[in-house]
Amino acid sequence: MMPSTAHLQQVLKCLVRKYLRRNTDAGLLHLQKAAYVTSSSSSLTSAFNSKPRKLNINFSLATENTGLFDIPQLRSPEGVYLLKENRLNQVEELVAECCNPNRKRHMVEIFDDLSNALCLVADLAEFLRIASPNQQFANASENACVAISNLVEQLNTNRNLYEILKRSVDSGDCLPTSAMDIHVAKLFIFDFEQSGIHLEEAQRQQVVNLNEYILQLGQRFSMNAHEPRQVNKEDLPSHIRHQFALEGENITINGLYTDAANEIAREAAYKIYLYPSEEQETTLDKLLRARHQLARLCGFSSYPHRALKGSLAETPEMVLGFLDSLSAELKPRAARDYNTMRDLKKKTNYNNKELSVWDTPYFTGLARRQMTGHADDLTPYFSLGACMEGLDMIFHSLYGIRLKLRTLKPGEAWCQDIYKIDVMHESEGLLGHIYCDFYDRPRKPHQDCHFTIVGGKELSDGTYQNPVVVLMLTLPSPSWGTPSLLTPNMADNLFHEMGHAMHSMLARTRYQHVTGTRCATDLAEVPSILMEFFASDPRVVSKFARHYKTGERLPAARLESLCAAKHTFAAAEMQQQVFYSALDQKLHMHPRTESTSTTTEVLAETQHEYFGLPFVPNTAWQHRFSHIVGYGAKYYSYLLSRGVAAWIWQQNFQDDPLSRTAGESFRHGFLAHGGSKPARDMVTAFLGKEVNPSTLTHSLIVELDSKQETLMSYIYKK
């Protein structure tokens, strides 16, 4: 039964009484104190430490608008419509070629051309819809997205097209096919079957309706997951009200306030923001049941079995085996982390020495700050230019690649603050383009992400369609005399996203449907997570972290403390990710019926099994778990990818992080394939050992223990 609003009022009153009793003279003195505890470069370096608009001044007399991404049709918003129409005509021709009994090409090749024609509009339009500050371009792009989406739905329900493709796999194509051809063709078949095309008409219509229903539920759940909570200011202790936004007589809680030094504020935010929502429980319950029904209609025993088809994990049984194996190893290590946090808490709180879930982010941050000092002292060594120089150095050492800054043509970018990079190989020449959209502006989403604009593929004339991607980050804008200065976390995110970009550049696949990051989710994160290892290795960071004014290297002691601090309480953090991943699996494996558990009861049981701190009654963290919409049954992917990335690092780069031999091996044995091979087969072949719960757990625990050793070595020195 869902707790009532009146019950929330009782919880708040208990909170006030609890802390009023605690406020003896000594306690008051401590709380008052706690309230105050909140508180010579290369051309590439020079270029990224300057504003892009200065770099892109065009000195040519020609002022012709070349169009966005150098596409002539995109000189104006109307060109989006023209581009869409041209691609739709191409799609018609390709569909006709598929249906031609006298066709001269592989069926999968025609399908990939069809997919390419759709993606060249859909990917571009989706990016411009989100990122363009020009409202007319954004509107035109949204209309194009709708049109392409409708066309894809029509194609996915074209039974004749599906049967022709399936026959080419089951009975053989008109030309000899390779294992890769068959693998990619099966991926297209699975895309068809996601829409239920292989079912009887009544069931197929059910699948279509369920997909639409699931989309609507997901949008509703995501929107409400970020809604702030309001309470009357009198419901909170007076000495913490200033921690929150005050609107008239109400206080707005819009997050967990994990950085608040005042424990009472952290506890209040946790209990109010995560108080159960009857609407969210209903929406989540409907979403889980609809997904389960969809999976059963399509012939799967559960939604995770459907979601994980073709992934590196392959089955939810493998995922849960991995999570259970890792959880067993983590428990004693995480317990040590929690004991250390308790010791920290004893030094800052005389009244309440017990560790709670709202404490762990705060004390993790506190411990790291105590090791590294103030972030403002570090950022001058991590200018954007210095970090880009570091990336260029890594890619040149590993792959023989240089990042070459190029001046944008008039009209090529969607706003002024864009950098363009040509990715150049020392012998192969141009591999692709990366557009860097790094600075904040109105309407720009605050998220760090990688967008594919053009996927790489072999063309029928023997040339290669080079990839084009956009990296979108939210970095501080340069000011007069000061470049964009990155915190260590920002630098990690830059390296992570550049890992995705290099995956796109170096996956020289035959088919664009499986190029670069167009692979299983638990495989796509491996190259990006691997780049985080480079960003945390003192041998690498020491080569590029320089003061933007003096060129002075980051002092060795500061570098050692920074790299060690990143490992603080790593076991506790990993255990939390195991808990979230297990919850995602368990919610999807057995959606409740009228007589079974609520999602909050599943949460409490899962937390007891996988997490080292107890569940807090009358909270429902899962009602804020928006990742369950986009990563339903796949939240484990980051952990599993980290296990593979750690394994690759230990086996290839740990001894020499800038080894050309190791880099070429990783490029040709992993990056080059994208999703063109079955994920499990490709990773097993590259690593030379079977990927299973035991081997993945081993790589993560080896990484964790190595981090702990580095951390303890630093602490002993101090």
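It should be noted that the structure appears before, not after, this text.
Here the structure is a predicted model, which is why all the values come from computation and not from measurement.

Caption draft 1: The arrangement of the sheet that holds strand 2 (residues 245–247) in detail. Read across the sheet, three strands follow the order 1-3-2 without closing on themselves; strand pairing throughout is antiparallel. Looking at the sheet topology across the chains shown, the edges are occupied by strand 1 (229–232) and strand 2. The sheet shows a mean angle of 35° between the axes of neighbouring strands, taken without regard to direction.

Caption draft 2: The sheet that holds strand 5 (residues 418–425), seen in detail. Read from one edge to the other, the open sheet built from five strands follows the order 4-5-6-10-7, with strand pairing classed as mixed. Among the strands making up the open sheet, the edge pair consists of strand 4 (401–406) and strand 7 (449–454). Here the strands of the sheet are splayed against their neighbours by 25° on average, with no regard to which way each runs. Two elements, strand 5 and strand 6 (residues 429–439), share eight bridges in a ladder whose sense is antiparallel. When the bridges of strand 6 are listed, K420 appears paired with Y435. Contacts from helix 16 (residues 384–399) reach strand 4, strand 5, strand 6 and strand 10 (468–475), with the element oriented near 140° to strand 4.

Caption draft 3: Highlighting the pairing of strand 10. Taking burial as the measure, the eight residues of strand 10 include seven buried ones, the bulk of the element. Sheet topology note: the strand 6/strand 10 ladder contains six bridges and is parallel. Across the sheet, residue H433 finds its bridge partner in strand 10, namely V468. Inspection of the sheet shows strand 7 paired to strand 10 by five bridges, in the antiparallel sense. Within strand 10, the residue paired with V454 across the bridge is V468.

Caption draft 4: Quick peek at the pattern of salt bridges. A full pass over the atoms with the stated rule returns 42 salt bridges. Of the charged contacts in the structure, one is a salt bridge between K420 and E412, with a shortest N-O distance of 2.7 Å. The same class applies to K420 as to E412, namely buried.

Caption draft 5: Examining the environment of I394 more closely. Take I394: it is sitting in helix 16. Setting aside residues no more than four positions away along its own chain, I394 makes contact with F495, M531, F534, V540 and L658.

Caption draft 6: Expanded view of helix 7 (residues 135–156). Helix length check: helix 7 (22 residues) gives 31 Å between terminal C-alpha atoms against 32 Å at 1.5 Å per residue, within 8%. Along helix 7, the residues that are buried comprise F137, A138, A140, S141, A144, C145, I148, L151 and L155. One side of helix 7 carries all its buried residues, which in axial view fall inside an arc of 160°. Within helix 7, the exposed residues directed more than 90 degrees away from the buried face are Q136, N143 and Q154. Where helix 7 is buried, its residues meet helix 5 (78–99), helix 6 (107–131), helix 8 (159–170) and helix 9 (179–194). Of the residues that open helix 7, the one with a side-chain oxygen 2.9 Å from the backbone nitrogen of Q136 is N134.

Caption draft 7: Structural context of the nonpolar core. Membership of the largest hydrophobic core comes to 158 residues, with the highest contact counts inside it found for F382, M388, I434 and F438. It is helix 14 (residues 316–348) that contributes the most residues to this core, eleven residues altogether. Beyond its immediate sequence surroundings of up to four residues, M388 is in contact with L44, F48, L403, I421, F438, L494 and M498. Grouped together as the second largest cluster of nonpolar side chains are 58 residues, C98, L120, A131 and L165 included.

Parameters and conventions
Residues numbered from 1 in each chain as written. Predicted model: local features only at pLDDT ≥ 70, side-chain atom pairs only at ≥ 80, totals over all residues. Heavy atoms only, no water. Pairing = 2+ DSSP bridges. Helix = DSSP H or I, 4+ residues; strand = E, 2+ residues; numbered from the N terminus. Axes fitted to C-alpha atoms, helices over the stretch in contact; angles between N-to-C directions. Contact = heavy atoms within 4.5 Å. Buried < 20%, exposed > 50% of the residue type's maximum accessible area, 1.4 Å probe, protein only. Salt bridge = Lys/Arg side-chain N within 4 Å of Asp/Glu carboxyl O. Expected span 1.5 Å × (residues − 1). Arc of directions from axis to C-beta. Polar contact = N/O pair within 3.5 Å; in protein donor to acceptor, adjacent residues only side chain to side chain. Core = buried A, V, L, I, M, F, W, Y, C linked by side-chain atoms within 4.5 Å.

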